[in-house]
Amino acid sequence: GIIAHIDAGKTTVTERILYYTGRVHKMGEVHDGEATMDWMLEEKERGITITSAVTSCSWRGHTINIIDTPGHVDFTIEVERALRVLDGAIGVFCAVGGVEPQSETVWHQADRYNVPKIAFINKLDRVGADFFRAVEMIRDRLGAVPLVLQLPWGVEDGFKGVIDLIKMKAVIWDDDMLGAEYREVDIPDEGKEEALHYRELLLETLADRDDRIMEKYLSEEGIETGELKQAVRAATTELQLVPVFCGAALRNKGIQLLLDGIVDYLPSPLDIPPIVGRVPGTGEEESRPADIRGPFSALAFKVMMDQGRKMTYLRVYSGTVRAGDPVYNPAKGVKEKLARLLKMHSNKRERIESASAGDIVAAMGLKLSATGDTLCSEAHPILLEPIQFNEPVISMAIEPRSVQDHEKLLAALRKLTDEDPTFKFKIDEETGQTVISGMGELHLDILIARIRREFSIETNQGKPQVVYRETVTETVKHSEIFDREINGVQHYAGLTIEVSPLPRGSENRFVNRCTQPELAEELISAVRQGVTEAETSGVLMGYPMIDLQTALLDVEIRETSDEMAFKVVATMAFKNACAKGKPVLLEPIMRTDILIPEEFMGEVISDLNARQGKIEQISAKGTLQVVTASVPLSKMFGYSTSIRSLSQGRGTFSMQFSHYDRV
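Rules of the game
- Residues numbered from 1 in each chain as written.
- Predicted model: local features only at pLDDT ≥ 70, side-chain atom pairs only at ≥ 80, totals over all residues.
- Heavy atoms only, no water.
- Helix = DSSP H or I, 4+ residues; strand = E, 2+ residues; numbered from the N terminus.
- Buried < 20%, exposed > 50% of the residue type's maximum accessible area, 1.4 Å probe, protein only.
- Contact = heavy atoms within 4.5 Å.
- Areas by Shrake-Rupley, 256 points an atom, 1.4 Å probe, with all protein chains shown as cover.
- Pairing = 2+ DSSP bridges.
- Axes fitted to C-alpha atoms, helices over the stretch in contact; angles between N-to-C directions.
- Core = buried A, V, L, I, M, F, W, Y, C linked by side-chain atoms within 4.5 Å.
- Phe/Tyr/Trp six-rings, centres within 6.5 Å; stacked < 30°, edge-to-face > 60°.
- Lys, Arg positive; Asp, Glu negative; His and termini not counted.
- Salt bridge = Lys/Arg side-chain N within 4 Å of Asp/Glu carboxyl O.
- Polar contact = N/O pair within 3.5 Å; in protein donor to acceptor, adjacent residues only side chain to side chain.
- Parallel < 35°, antiparallel > 145°, perpendicular 65-115°, else oblique.
- Left-handed = near helix turned anticlockwise from the far one by under 90°.
- Nonpolar A, V, L, I, M, F, W, Y, C, P; charged D, E, K, R; others polar.
- Arc of directions from axis to C-beta.
- Patch = residues over 30% accessible without salt bridge, like charges linked within 9 Å, V, L, I, M, F, W, Y side chains within 5 Å.
- Charge placed at Lys NZ, Arg CZ, Asp CG, Glu CD.

Chemist: Help me understand the overall build of the chain in this model?
Modeler: Per the secondary structure count, the chain includes 15 helices and 37 strands. Per-residue burial for the chain yields a buried fraction of 54% across its 663 residues. Restricting to contacts in the chain with at least 6 residues of sequence separation, those with at least 24 account for 70%. Within the structure as shown, the chain displays about 29600 Å² of accessible surface, and the carbon and sulfur contribution to it stands at 48%.

Chemist: Teacher, can you tell me more about the sheet that holds strand 30 (residues 476-486) here?
Modeler: Strand pairing in a sheet relies on backbone hydrogen bonds. The paired strands run either parallel or antiparallel. On the basis of which strands lie adjacent, the open sheet formed by four strands has the order 30-31-33-32 and mixed pairing. Each edge of the open sheet carries a strand with a single partner, namely strand 30 and strand 32 (509-512). On average, each strand axis in the sheet is inclined to that of its neighbour by 25°, with strand direction left out of account. Contacts from helix 12 (residues 521-535) reach strand 31 (489-501), strand 32 and strand 33 (548-556), with the element oriented near 155° to strand 32.

Chemist: So what exactly am I meant to see when it comes to the nonpolar core here?
Modeler: Nonpolar side chains in soluble globular proteins generally cluster together in the buried interior. Core analysis: the largest hydrophobic core is formed by 70 residues, its most contacted members being Val-13, Ile-17, Ile-121, Phe-131 and Leu-206. No other element matches the seven residues that helix 9 (residues 255-265) contributes to this core. Discounting residues that sit within four places of it in the chain, Ile-17 has contacts with Ile-2, Cys-57, Ile-66, Ile-255, Leu-259 and Ile-262. One finds Phe-510, Ala-526, Val-555 and Phe-566 within the second-largest nonpolar core, a separate group that totals 28 residues.

Chemist: Honestly, the packing of aromatic side chains in this entry has me stumped. Any pointers?
Modeler: Both the distance between ring centres and the angle between the ring planes are used here to describe each pair of aromatic rings. One pass over the full model with this rule turns up five aromatic pairs. Measuring from centroid to centroid gives 5.7 Å for Phe-93 and Trp-107, while their planes differ by 50°, and the two rings are tilted. Taken as a pair, Phe-93 in strand 4 (residues 89-94) and Trp-107 in helix 4 (residues 101-112) lie far apart in primary sequence, 14 residues in all. One exposure class covers both Phe-93 and Trp-107, and it is buried. Each ring, one from Phe-245 and one from Tyr-265, has its centre 6.2 Å from the other, and the planes form 35°; the classification is tilted.

Chemist: Help me out: how do you make sense of the sheet that holds strand 12 (residues 275-278) in this one?
Modeler: With respect to topology, three strands assemble into an open sheet ordered 13-12-24, the strand pairing being antiparallel. The open sheet is flanked by strand 13 (285-288) and strand 24 (383-384), the only strands paired with a single partner. Relative to strand 24, strand 12 runs antiparallel, the two sharing two bridges. The partner of Arg-278 across the bridge, within strand 24, is Leu-383.

Chemist: Help me understand the side chain of Glu-470 in this model?
Modeler: Within the secondary structure layout, Glu-470 lies in strand 29 (residues 469-472). In this structure, Glu-470 is buried with no salt-bridge partner, the nearest side chain bearing the opposite charge being Lys-575 at 7.9 Å. At 2.9 Å, the side chain of Glu-470 and the backbone nitrogen of Leu-540 are in polar contact. Once residues lying within four places of it in the same chain are set aside, the contact partners of Glu-470 are Gly-538, Val-539, Leu-540, Met-541, Gly-542, Tyr-543, Pro-544, Met-545, Ile-546, Val-584 and Leu-585.

Chemist: Would you explain the pattern of salt bridges in this entry?
Modeler: Oppositely charged side chains may form a pair once their charged atoms are brought near each other. What the rule picks out here adds up to 21 salt bridges. The partner of Lys-192 in a salt bridge is Asp-189, and the shortest N-O contact between them spans 3.5 Å. Of this pair, Lys-192 and Asp-189 both sit in helix 6 (residues 189-209), separated by three residues, roughly a single helical turn. Residue Lys-192 is classed as partly exposed on the basis of its relative accessible area of 41%. The shortest N-O distance in the salt bridge between Lys-229 and Asp-264 comes to 3.3 Å.

Chemist: Looking at this model, I keep getting lost on the environment of Arg-139. Mind explaining?
Modeler: With respect to the helices, strands and loops of the structure, Arg-139 is situated in helix 5 (residues 131-142). Those residues in contact with Arg-139 that lie beyond four places of it in its chain are Ala-144 and Pro-146. A polar atom in the side chain of Arg-139 sits 2.8 Å from the side chain of Glu-136.

Chemist: Can you walk me through the packing of helix 6 against helix 7 (residues 211-218) in this structure?
Modeler: If you want to describe how two helices pack, look at the angle between their axes and the distance between the axes. As a packed pair, helix 6 and helix 7 sit with axes 6 Å apart at the nearest point and diverge in direction by 130°. Classified by the angle their axes make, helix 6 and helix 7 are oblique. Between helix 6 and helix 7 lies a crossing whose hand is left-handed. Between helix 6, through Glu-200, Leu-203, Glu-204, Leu-206, Ala-207 and Arg-209, and helix 7, the contact on the second element is made entirely by Asp-211, Ile-213, Met-214 and Tyr-217. When grouped by side-chain class, the residues that make up the contact of helix 6 with helix 7 number six nonpolar, no polar and four charged.

Chemist: What is the right way to read helix 14 (residues 601-610) from this model?
Modeler: Because an α-helix completes one turn every 3.6 residues, residues spaced three or four positions apart along the sequence face the same direction. Along helix 14, the residues that are buried comprise Met-601, Val-604, Asp-607 and Leu-608. Viewed along the axis of helix 14, the buried residues span an arc of 140°, placing them on a single side of the element. Following helix 14 by one or two positions, Gln-612 has its phi on the positive side, about 60°.

Chemist: Is there a simple way to explain the environment of Gly-281 in this structure?
Modeler: With respect to the element layout, Gly-281 can be found in the loop between strand 12 and strand 13. Looking at Gly-281, the relative accessible area reads 87%, which means it is exposed. Taking the C-alpha atoms as reference points, Gly-281 and Ile-382, 101 residues apart in sequence, are found 9.8 Å from one another.

Chemist: It is not clear to me how a nonpolar patch on the surface should be interpreted in this structure. Could you clarify?
Modeler: A cluster of nonpolar side chains, Val-539, Leu-540 and Met-541, forms an exposed patch at the surface whose accessible area comes to about 260 Å². The topology assignment puts Met-541 in the loop between helix 12 and strand 33.

Chemist: What's the story with the side chain of Thr-312 in this structure? I'm lost.
Modeler: Relative to the helices and strands, Thr-312 resides in strand 15 (residues 309-318). Thr-312 sits in the buried class, given a relative accessible area of 0%. Leaving out residues up to four positions away in the same chain, Thr-312 has contacts with Ala-300, Lys-302, Val-303, Val-361, Ala-362, Ala-363 and Leu-366.

Chemist: Sorry, what's going on with helix 7 here?
Modeler: Measuring from the side-chain oxygen of the N-cap residue of helix 7 to the backbone nitrogen of Arg-212 gives 3.0 Å; that N-cap residue is Asp-210. Among the residues trailing helix 7, Glu-220 stands out with phi positive, at a value near 55°.

Chemist: Please clarify how a negative patch on the surface should be interpreted in this entry.
Modeler: There is a patch of like negative charges on the surface, built from Glu-200, Glu-204, Asp-208 and Glu-220. For Glu-220, the position within the fold is in the loop between helix 7 and helix 8 (225-237).

What follows is the structure, encoded as structure tokens:
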């Protein structure tokens, strides 16, 4: 998997890898809108990656499955689900920008799934490129131990090639052949001293972690290349070190050595520990080694709509499956049939007959399986750990421009929520609006563009509305009489009720304290119904009333009393009692968790205070600080943009509904 910040050059690196491994015969450029991996129209227009694209290629007799992921924080879900199924990742860093904010986010995501990583410092031909500063930033900001395996030969315009510290040779690329051919030469005199210094550092770092290397290093014996590579591979797979490579992808330099690095240092499915899952029903843990002959298990990590049909991406962890086989989904308890299996190359595909442990394939015919579901054989069921999703943080109202498109819009939204678990929609019962929610303003922009383009529905979007609530602050007793003639029939009812406030979050209650013997059950339920209906719209602004208790104290019954009269009198009494009970407006308060580097704490906290937020807790998480606060939702619109500008793009936040409180 290829992960990094926006514009560090992930997609360009992937294009070069595909070209040199013979998968594509022409290099696509992102800025021309021609990159193989950026195939959606929105991606070509904006020059950014939105969905993670899957492809595979082979190098030195090894098959490499590649996922090119987006860099924007709004599409973290794409990165998250790619990392969940990866065995190794390449972090691409820009030599000018170094470790940028989104690289931090995705790097920590990869740490959470224990994915071994190698770093590739790209764009060494650009003005202001600084290889050593980028390496320092990997150490400081990511908390990783970088292991420099290559040094740049020259920098900016003078960037010629790289110096390989394992073989102690310089590598130079042939520009006429688009970098397809390269040769090893002796290290130039001006680079010798630096190369020897970093070679010493390389051996010292490895000696700390490998006893065999330690012995040879201390007794000053020569260490063979094969031994060094083994030690680097072991330390990388165990997440102790991050090997660092360098180059300039746009100038076609450094890619073949990076491919060697992938094969030499990143684990194959056989190197990583077997995946662990739970047996449905018993809850016991079971591990599945990556054995082709073992029982079948796979994880669905992405769902896509393909010409109206559902295509599910699978990562196979154990066993083999053939097209047409039935598979079992233990989370939903259903059997499904894999109609066809496809090997993906970005958005092109080829049909294959079977897939086995370690493969990433797409399957057609799975109607019910969603992102994060496990698929396995029914005889040997297993539940793998699902993918964690963030809750959406921003919502807006959407409606079709023409009323006839309403059903079509709902169908389109259903398909998009299948595809993207961080996108949700609901129909607000109070306002009747369709409200969509997502991870950020860019996220919703792209989804609305897709609704227009893929489903041809023109829509209007509104600013989201906050839905308030009302309650009373004082206990009030109130008596009401209803005496009226309707259609020649006299109706009479009289009652006394008491309305009192309850603590926040206790909802509404109705209690009967009336001891009159002639009060029948039907009349009590008529009173209850009248009160419940009256609670749906308050006396201040017509918002629902919450957190109050209505007690029925006394009733007055005559021959002309009936259920209808009691229902009406209960509604009237409740409204008048609430009007006397000093009603107040309540607004939704959100529990907000903000993740920021320490140096931005001051600005973020003063901004929260300006938004009437209450700081509840501040705790450390690695190099970051977590601020937990309660903030009114009405003050949080546009916060995703503010937090990025306050923290130079390094802060992230999530919020969820906590409770209602007085405005």
